[in-house]
Amino acid sequence: GVLLMATTAVGANARDGEAQPGTSRPAAQTGLNHTRFYAVIAATLGNTAINAGDVDRALLEHGITMTELLGPTDASGNIAHHAARQGNLHVLQYIRDTPKLGVPFLRRAPNVWSIAYSAAAYNRPKVLEWIRDCDGLG
C-alpha cells in the first residue's frame, strides 16, 4: 500500500526544489511558492481542531485567494506537500475537510511527488499512517 511504497521512495536527504538523484524531475520554478500559504494556515490552526472560518479569515487578511491555493506551484509543491513534510496533520485534515480542496487536492502532485513521498522523505510516519487511513488516498 501507500505506507510501504512511500517509505522506500527516498531517503531523508531530499530537499525542496531539487531534482532527485537518478530522476529527470526538473527543479525549475513553474508556479507560486506555497510556503507562505502553508505558514498562514498552520499558524491559524495551531494545535487545535479544524476551524475553517478562522483559516478563511486569515487567508483573506494575508491576501491569499482560493485561486492561488488551487493554482500552479513551484517545485516545493502545494500546501499539502508542505504539511506532509512538516508532519502537520491539522493542515492535512483542514485540506481534506474543505469542500473547495478535499481529497482531490491531496492527490495532486503538481511538478513534484505525492504527499506520501513528501512525508516519507522527511520521516513522517504519522502522516503516512493518516494517508493510508484516509478514504480516497490510502
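For clarity, every value in this text was computed on a predicted model and none was experimentally measured.

Turning next to the nonpolar core. In terms of nonpolar packing, the biggest core is built from 33 residues, with Ile 79 and Ile 95 touching the most fellow members. Those elements that place two or more of their residues in this core are helix 2 (35-45), helix 3 (52-61), helix 5 (79-86), helix 6 (89-97), helix 7 (102-107), helix 8 (115-121) and helix 9 (125-133). Considering each element in turn, this core owes the most residues, six residues, to helix 2. With sequence-adjacent residues up to four places away left out, Ile 95 is seen in contact with Ile 79, Ala 80, Leu 101, Gly 102, Phe 105 and Leu 106.

What follows concerns helix 5. By the criterion of burial, helix 5 is predominantly enclosed, with seven of the eight residues buried. Within helix 5, the full set of buried residues consists of Ile 79, Ala 80, His 81, His 82, Ala 83, Ala 84 and Arg 85. Each element contacted by the buried residues of helix 5 is listed here: helix 2, helix 4 (66-70), helix 6, helix 7, helix 8 and helix 9. Two or three places before Ala 80, at the opening of helix 5, Asn 78 has a side-chain oxygen 2.8 Å from that residue's backbone nitrogen.

Turning our eyes to something else, we now look at the packing of helix 2 against helix 5. The axes of two packed helices give the description: the angle between them and the distance between them. Packing of helix 2 against helix 5 leaves a shortest axis separation of 8 Å and a crossing angle of 65°. Regarding helix 2 and helix 5, the two cross each other, and that crossing is right-handed. For the pair formed by helix 2 and helix 5, the contact residues are Thr 35, Phe 37, Tyr 38 and Ile 41 on the first element and Ile 79, His 82, Ala 83 and Gln 86 on the second. When its residues are assigned to classes, the contact of helix 2 with helix 5 shows five nonpolar, three polar and no charged.

Our next topic: the pattern of salt bridges. The final tally for this structure, using the stated rule, is three salt bridges. Note that Arg 96 and Asp 97 form a salt bridge whose closest N and O atoms lie 2.8 Å from each other. With a closest N to O distance of 3.0 Å, Arg 132 and Asp 133 form a salt bridge. With relative accessibility at 55%, the residue Asp 133 sits in the exposed group.

What follows deals with the side chain of Arg 85. In this structure, Arg 85 sits in helix 5. Here Arg 85 falls in the buried class, since its relative accessible area comes to 5%.

On to the packing of helix 5 against helix 6. At a minimum axis distance of 8 Å, the contact between helix 5 and helix 6 shows a crossing angle of 150°. It follows that helix 5 is roughly antiparallel to helix 6 by the angle criterion. The two elements helix 5 and helix 6 cross, and the hand of that crossing is left-handed. Counting all contacts with helix 5, which are made through Ile 79, Ala 80, Ala 83 and Ala 84, the residues of helix 6 involved are Val 91, Leu 92 and Ile 95.

Chain-level pLDDT for the chain is 74 on average; 70% of the residues reach the 70-or-more range. A low-confidence stretch, residues 1-29 (pLDDT under 50), is modelled with 43 contacts involving residues beyond four sequence positions or located in other chains.

Basis of the calculations
- Residues numbered from 1 in each chain as written.
- Predicted model: local features only at pLDDT ≥ 70, side-chain atom pairs only at ≥ 80, totals over all residues.
- Heavy atoms only, no water.
- Core = buried A, V, L, I, M, F, W, Y, C linked by side-chain atoms within 4.5 Å.
- Buried < 20%, exposed > 50% of the residue type's maximum accessible area, 1.4 Å probe, protein only.
- Helix = DSSP H or I, 4+ residues; strand = E, 2+ residues; numbered from the N terminus.
- Contact = heavy atoms within 4.5 Å.
- Polar contact = N/O pair within 3.5 Å; in protein donor to acceptor, adjacent residues only side chain to side chain.
- Axes fitted to C-alpha atoms, helices over the stretch in contact; angles between N-to-C directions.
- Left-handed = near helix turned anticlockwise from the far one by under 90°.
- Nonpolar A, V, L, I, M, F, W, Y, C, P; charged D, E, K, R; others polar.
- Salt bridge = Lys/Arg side-chain N within 4 Å of Asp/Glu carboxyl O.
- Parallel < 35°, antiparallel > 145°, perpendicular 65-115°, else oblique.
- pLDDT = per-residue confidence, 0-100.

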